[in-house]
Amino acid sequence: MAKKILVVEDEISIADNITYALSTEGFESIYCATGKEALEIIKNKDIAIAIVDIGLPDINGFDLVRQIRKNSSVPIIFVTARSDEIDRIVGLEIGADDYITKPFSPRELTARVRAVLRRTSNEMNKSAESGNVPHTHFQLDEKRLVISYHGKPLDLSRYEFKLLSVFVRNPGRVYSREQLMSLVWEEPEMSLDRTVDTHIKTIRQKLKSIRPAEEPIVTHRGLGYSLKESS
């Protein structure tokens, strides 16, 4: 399954060059020219990475990324004509993963895309494999494959355990269906992404059976999922 790359760029000639370069590397490009469209696409599609121009017609690229970061951890690369150091620093501090200035070669851009995807994928895998659990109401017992919530063991299937383990280790982080399938399923290409939804629904029900008055802990943001820790 080709990874979907969102290209947010109002200059059509530049957008065409970017989408063509990405297609030659096996990526599927989704193009839009405004920040409003970008927010809607990220909300409704499984985007692997977003390439964002700073000078958009309806919103500053920095402000767009601030809005994206409220609900999504999708990797972001800024593409801009600005080369000032302060712009690069601001871009990275507000949540971008990389920054490339115009003019640039298509080969350099695709190399940066692959590098960011590789780095973020490695970070996700390390989080999923780590035994460290942030302070939450969940207790994770890796040896016995048991997750307890408020001291009560949950009756989980194998994939429910794996899914909830990812959320428990990373409360508040948003994952797309595609990311969860690559982290949890042994052969993600052989499964339907709606399988994630089914397992999430079951996990929610089991959590609500323990604390029925609380908001479901596994929350849905667009097409992404996160763990929301209740106080």
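Preceding this section is the structure that the text describes.
Criteria and thresholds
Residues numbered from 1 in each chain as written. Predicted model: local features only at pLDDT ≥ 70, side-chain atom pairs only at ≥ 80, totals over all residues. Heavy atoms only, no water. Salt bridge = Lys/Arg side-chain N within 4 Å of Asp/Glu carboxyl O. Helix = DSSP H or I, 4+ residues; strand = E, 2+ residues; numbered from the N terminus. Buried < 20%, exposed > 50% of the residue type's maximum accessible area, 1.4 Å probe, protein only. Pairing = 2+ DSSP bridges. Contact = heavy atoms within 4.5 Å. Axes fitted to C-alpha atoms, helices over the stretch in contact; angles between N-to-C directions. Right-handed = clockwise from strand over helix to strand, strands pointing away. Left-handed = near helix turned anticlockwise from the far one by under 90°. Nonpolar A, V, L, I, M, F, W, Y, C, P; charged D, E, K, R; others polar. Expected span 1.5 Å × (residues − 1). Arc of directions from axis to C-beta. Polar contact = N/O pair within 3.5 Å; in protein donor to acceptor, adjacent residues only side chain to side chain.

This part covers the pattern of salt bridges. What the rule picks out here adds up to nine salt bridges. We note a salt bridge from Lys102 to Glu9, for which the minimum N-O separation is 3.3 Å. Separated by 93 residues along the polypeptide, Lys102 in the loop between strand S5 (98–101) and helix H5 (106–129) and Glu9 in the loop between strand S1 (4–8) and helix H1 (12–24) bring together distant segments of the chain. Note on accessibility: Lys102 and Glu9 belong to one class, buried. Its salt-bridge partner being Arg66, residue Asp63 comes within 2.8 Å of it at the nearest N-O pair. Taken as a pair, Asp63 and Arg66 lie in helix H3 (residues 61–71) at a separation of three residues, close to a single helical turn. Using a relative accessible area of 35% as the deciding quantity, one classes Asp63 as partly exposed. The exposure class of Arg66 is partly exposed, given its relative accessible area of 39%. Overlapping salt bridges bring together Glu9, Glu11, Asp53 and Lys102 as one network.

Taken in spatial order, the three strands of this open sheet run S6-S7-S8, and their pairing is antiparallel. Edge positions in the open sheet fall to strand S6 (138–141) and strand S8 (152–153), since each of these has one partner strand only. Examined bridge by bridge, S6 and strand S7 (residues 146–149) share four bridges and lie antiparallel to one another. When the sheet's bridge partners are listed, Leu140 is paired in S7 with Ile147. Contacts from helix H6 (residues 158–169) reach S6 and S7 within the one sheet, and its direction differs from that of S6 by about 125°.

This part is about the side chain of Thr80. Inspection of the secondary structure puts Thr80 in strand S4 (residues 76–80). Thr80 gets classed as buried once you look at its relative accessible area, which sits at 3%. With near-sequence residues (within four places) excluded, Thr80 lies in contact with Asp53, Ile54, Tyr99, Ile100, Thr101 and Lys102.

Before going further, it helps to examine unusual backbone geometry. Excluding glycine, residues mostly carry a negative phi; peptide bonds, for their part, are mostly trans. With an omega of -5°, the peptide bond between Lys102 and Pro103 qualifies as cis. Here His150, not a glycine, exhibits a phi torsion of approximately 55°, which is positive. Within the element layout of this structure, His150 appears in the loop between S7 and S8.

As a further point, take the pairing of strand S3 (residues 49–53). Among the five residues that make up S3, five are buried, leaving the element largely enclosed by the rest of the structure. Residues Ile49, Ile51 and Asp53 line one face of S3 and the alternating positions Ala50 and Val52 line the opposite face, and both faces are buried. As paired elements, S3 and S4 share four bridges and run parallel to each other. The partner of Ile51 across the bridge, within S4, is Ile77. At this point the chain moves from S3, through H3, to the parallel S4, and the crossover so formed is right-handed.

In this section: the packing of H6 against helix H7 (residues 177–184). Across the interface, H6 lies against H7 with an axial gap of 10 Å and an inter-helix angle of 115°. Between H6 and H7 the crossing geometry is right-handed. On H7, the residues touching Tyr159, Lys162, Leu163, Val166 and Phe167 of H6 are Leu180, Leu183 and Val184. Taken together, the residues of the contact of H6 with H7 break down into seven nonpolar, no polar and one charged.

Okay, H1 next. Between its terminal C-alpha atoms H1 stretches 18 Å, which fits the 18 Å expected from 13 residues at 1.5 Å a residue. Ile14, Ala15, Ile18, Thr19, Ala21 and Leu22 are the residues of H1 that are buried. For H1, the arc enclosing every buried residue in end-on projection is 160°, short of the 170-degree limit, so these residues lie on one face. Seen from the buried face of H1, the exposed residues on the opposite side, beyond 90 degrees, are Ile12, Asn17 and Tyr20.

By relative accessible area, which is 1% here, Glu9 ends up buried. A polar contact is formed between the side chain of Glu9 and the side chain of Lys102, at a distance of 3.3 Å.

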